[in-house]
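Structure assessment
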There are 2 protein chains.
Amino acid sequence: MSKSKASAGPRYQALLQLLRTSEALWNSSRIFFSKWDISPSQFNVLNVLVEQPEGLTQIELSRLLIMHRSNVTGLVDRLEDRKLIQRKDNPNDRRAYRVVLTPTGRKLVEKILPAYYEAAEQIWGDFPVKKTKELVEGLERLSENVEKFSATLGEK
Amino acid sequence: MSKSKASAGPRYQALLQLLRTSEALWNSSRIFFSKWDISPSQFNVLNVLVEQPEGLTQIELSRLLIMHRSNVTGLVDRLEDRKLIQRKDNPNDRRAYRVVLTPTGRKLVEKILPAYYEAAEQIWGDFPVKKTKELVEGLERLSENVEKFSATLGEK
DNA sequence: TATAATTAGTTGACATATGGACAATCTAGG
DNA sequence: CCTAGATTGTCCATATGTCAACTAATTATA
């Protein structure tokens, strides 16, 4: 049994700071990607597909991007409308498509990626690499804890 | 001029980890708040109002919650439908409402808050407080950098 | 004081996100 | 082989979020 005082302590504040920082980063990325007229979510789809010459099914996309499969439908629809990706029929499993980049889509990602990496460097600025590593370790550890906590919420 | 190699380095990975951790936390909070049948965004509205006996205008809410004023309209609509908050007319400025908690709304936040603080403690677990502070400092510094970077994107 | 600029809130169009229900298809067990 | 269960993708309802255009009201200024 915990003896928590149940007050707004530094650990609560830390979680809020994490959410704020992440939101600022996401908003910044929205402005960044708007130069190429795509959204961060759309970029993420293209970015995971670029390493997959065989493509991915929508379920695989939904797992990699951590979103519901029903959301992938619309995302893929809009990217297909813009000819950046293509749904290919899969003879092995007629339920599932294989979603692949079009040549246009591949060119777009490969144009954006260097700017993206460069932006990441700029954002960290003079932040020491050692500090960055510590931060990542902290975030990874926290991530695990959050997953464990979610699991305890799930069980009734 | 930077001499960046423009490759997927540790600093790019660090930003991705930040976004992943934050998303996990947000999703976890969605499950957490569903016990009281509200969303994280709705809770945030109630949570900022709890310290404001005079209430806040919707513009003030949008600034505190870092969202567009048009989004506040719907959020406030739904919370008002559920009688958790109330729009009060403001004689000093007939354009703006003062959004205040109802007694019901106040009771709800005050019931949730202790559980929320307790959850924050649980999520950190045995994470040393010193490490938490370092992490927060890193996040604050990063936040500033992101804002600066956004500003450079904004200027054409 | 008349009017120009700004501010607060709503609305509509759209993108992103979840969850439930559904049809088509695949897979396993009897 | 055949049916029961699982999987894949879509569609609907709904919530959250942006942005642009609009009205009403306030403030600043010529």
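Conventions we followed
- Residues numbered from 1 in each chain as written.
- Chains lettered and ligands numbered in written order.
- Predicted model: local features only at pLDDT ≥ 70, side-chain atom pairs only at ≥ 80, totals over all residues.
- Heavy atoms only, no water.
- Helix = DSSP H or I, 4+ residues; strand = E, 2+ residues; numbered from the N terminus.
- Buried < 20%, exposed > 50% of the residue type's maximum accessible area, 1.4 Å probe, protein only.
- Contact = heavy atoms within 4.5 Å.
- Areas by Shrake-Rupley, 256 points an atom, 1.4 Å probe, with all protein chains shown as cover.
- Lys, Arg positive; Asp, Glu negative; His and termini not counted.
- Charge placed at Lys NZ, Arg CZ, Asp CG, Glu CD.
- Polar contact = N/O pair within 3.5 Å; in protein donor to acceptor, adjacent residues only side chain to side chain.
- Buried area = accessible area lost by both parts, 1.4 Å probe.
- Salt bridge = Lys/Arg side-chain N within 4 Å of Asp/Glu carboxyl O.
- Nonpolar A, V, L, I, M, F, W, Y, C, P; charged D, E, K, R; others polar.
- 1 Å grid on protein atoms, 1.4 Å probe; cavity = no way out; pocket = protein on both sides within 12 Å on 5 of 7 lines; lining within 4 Å.
- Points joined across faces, edges and corners; volume = space filled by probe spheres on them.
- Near = heavy atom within 4 Å.
- Phe/Tyr/Trp six-rings, centres within 6.5 Å; stacked < 30°, edge-to-face > 60°.
- pLDDT = per-residue confidence, 0-100.
- Core = buried A, V, L, I, M, F, W, Y, C linked by side-chain atoms within 4.5 Å.

A few words on the overall build of chain A. Each helix and strand counted, chain A has 6 helices and 2 strands in total. The helix and strand sequence of chain A, counted from the amino end, reads α-α-α-α-β-β-α-α. The principal-axis extents of the C-alpha atoms in chain A amount to approximately 60 × 45 × 25 Å. The burial tally for chain A puts 46% of its 156 residues in the buried class. Sequence separation of at least 24 residues holds for 51% of the intrachain contacts in chain A that already meet a minimum separation of 6. Only carbon and sulfur atoms are counted for the fraction: they give 51% of the accessible area of chain A, which is about 9,100 Å². Taking the average place of the 25 positive charges on the side chains of chain A and the average place of its 20 negative ones, the gap between the two points comes to 4 Å.

A separate point is the side chain of Ser 62 of chain A. Residue and element names in this part refer to chain A. Within the secondary structure, Ser 62 sits in helix H3 (residues 58-64). Among the polar contacts listed, one links the side chain of Ser 62 to the backbone oxygen of Ile 59, at a separation of 2.8 Å. Not counting residues within four places of it along the chain, the set of residues in contact with Ser 62 comprises Met 67, His 68, Arg 69 and Val 72.

Our focus in this paragraph is the interface of chain A and chain B. In this complex, chain A contributes 56 residues to the contact, which on the side of chain B involves 56 residues. Together, the buried faces of chain A and chain B total about 6,000 Å²; carbon and sulfur atoms form 67% of this surface. For the pair chain A and chain B, the number of links is 4 salt bridges. Among the ionic pairs, Glu 121 of chain B bridges to Arg 11 of chain A, the shortest N-O distance being 3.2 Å. Joining chain A to chain B, the criterion identifies 23 residue pairs in polar contact (both at pLDDT 80 or more). At the level of secondary structure, the elements contributing two or more residues to the side of chain A that touches chain B comprise helix H1 (10-34), helix H5 (103-124) and helix H6 (129-154) of chain A. Classifying every residue of the side of chain A that touches chain B gives 31 nonpolar, 15 polar and 10 charged.

Taken as a whole, the second largest pocket encloses approximately 250 Å³ of empty space. Taken together, 14 residues line the second largest pocket, and the ones lying closest to its centre are Lys 131, Glu 134 and Leu 135 of chain A together with Glu 134 and Leu 135 of chain B. Listing elements by their share of the lining of the second largest pocket, those giving two or more residues are H6 of chain A together with helix H6 (129-154) of chain B. Considered class by class, the residues forming the lining of the second largest pocket number 4 nonpolar, 2 polar and 8 charged.

Taken together, 25 residues lie around DNA strand D, and Ile 59 of chain A together with Ser 39, His 68, Ser 70 and Arg 78 of chain B are the ones closest in. Contacts to DNA strand D include Ile 59 of chain A, whose backbone N or O atom sits 2.7 Å from a phosphate oxygen. Contact between DNA strand D and Arg 95 of chain A: a base oxygen at 2.7 Å from a side-chain N or O atom of the residue. The leading source of residues in the surface near DNA strand D is helix H4 (residues 69-81) of chain B, at 5 residues. By residue class, the composition of the surface near DNA strand D is 5 nonpolar, 10 polar and 10 charged.

Moving on, we get to the protein's contact with DNA strand C. Close to DNA strand C lie 26 residues; Ser 39, His 68 and Arg 94 of chain A together with Gln 58 and Arg 95 of chain B are nearest. Protein-adjacent atoms of DNA strand C, using a 4 Å cutoff, are sugar or phosphate at a proportion of 65%. In this structure, His 68 of chain A approaches DNA strand C through a main-chain N or O atom, which is 2.6 Å from a phosphate oxygen. Here a phosphate oxygen of DNA strand C sits 2.8 Å away from a polar atom, N or O, in the side chain of Arg 78 of chain A. Mapped by element, the contributors of at least two residues to the surface near DNA strand C are helix H2 (40-49) and helix H4 (69-81) of chain A together with helix H3 (58-64) and H4 of chain B.

Counting along an α-helix, one turn takes 3.6 residues, and residues three or four places apart therefore face a common direction. Most of helix H2 (residues 40-49) of chain B is tucked away, with 8 of its 10 residues classed as buried. The complete set of buried residues in H2 of chain B reads Pro 40, Gln 42, Phe 43, Val 45, Leu 46, Asn 47, Val 48 and Leu 49 of chain B.

Here the focus is the packing of aromatic side chains. Here the structure, examined in full by the defined rule, presents 18 aromatic pairs over all chains. Between Phe 33 of chain A and Phe 43 of chain A the ring centres are 4.5 Å apart and the planes differ by 20°, which places this aromatic pair in the stacked class. Note that Phe 33 of chain A is positioned in helix H1 and Phe 43 of chain A in helix H2, a separation of 10 residues in sequence. Side by side, Phe 33 of chain A and Phe 43 of chain A carry an identical accessibility label, which is buried. Summarising the aromatic geometry, the rings of Trp 124 of chain B and Phe 127 of chain B are spaced 5.0 Å apart at their centres and angled 65° between planes, so their arrangement reads as edge-to-face.

Further remarks concern the confidence of the model for chain A. Residue and element names in this part refer to chain A. For chain A, the average pLDDT comes to 92, and 94% of its residues sit at 70 or higher. The secondary-structure element of chain A with the lowest mean pLDDT is H6, recorded at 91, while H4 shows the highest, at 98. Below a pLDDT of 50 lies the segment residues 1-5, which in the model reaches 3 contacts outside its immediate sequence neighbourhood of four places, other chains included.

Bringing the nonpolar core into the picture now. Ranked by internal contacts, the top residues of the largest apolar core, which has 91 residues, are Phe 32, Leu 46 and Leu 61 of chain A together with Phe 32, Leu 46 and Leu 61 of chain B. Setting aside residues up to four positions removed in sequence, Phe 32 of chain B forms contacts with Phe 149 and Leu 153 of chain A together with Ile 112, Ala 115, Tyr 116 and Ala 119 of chain B.

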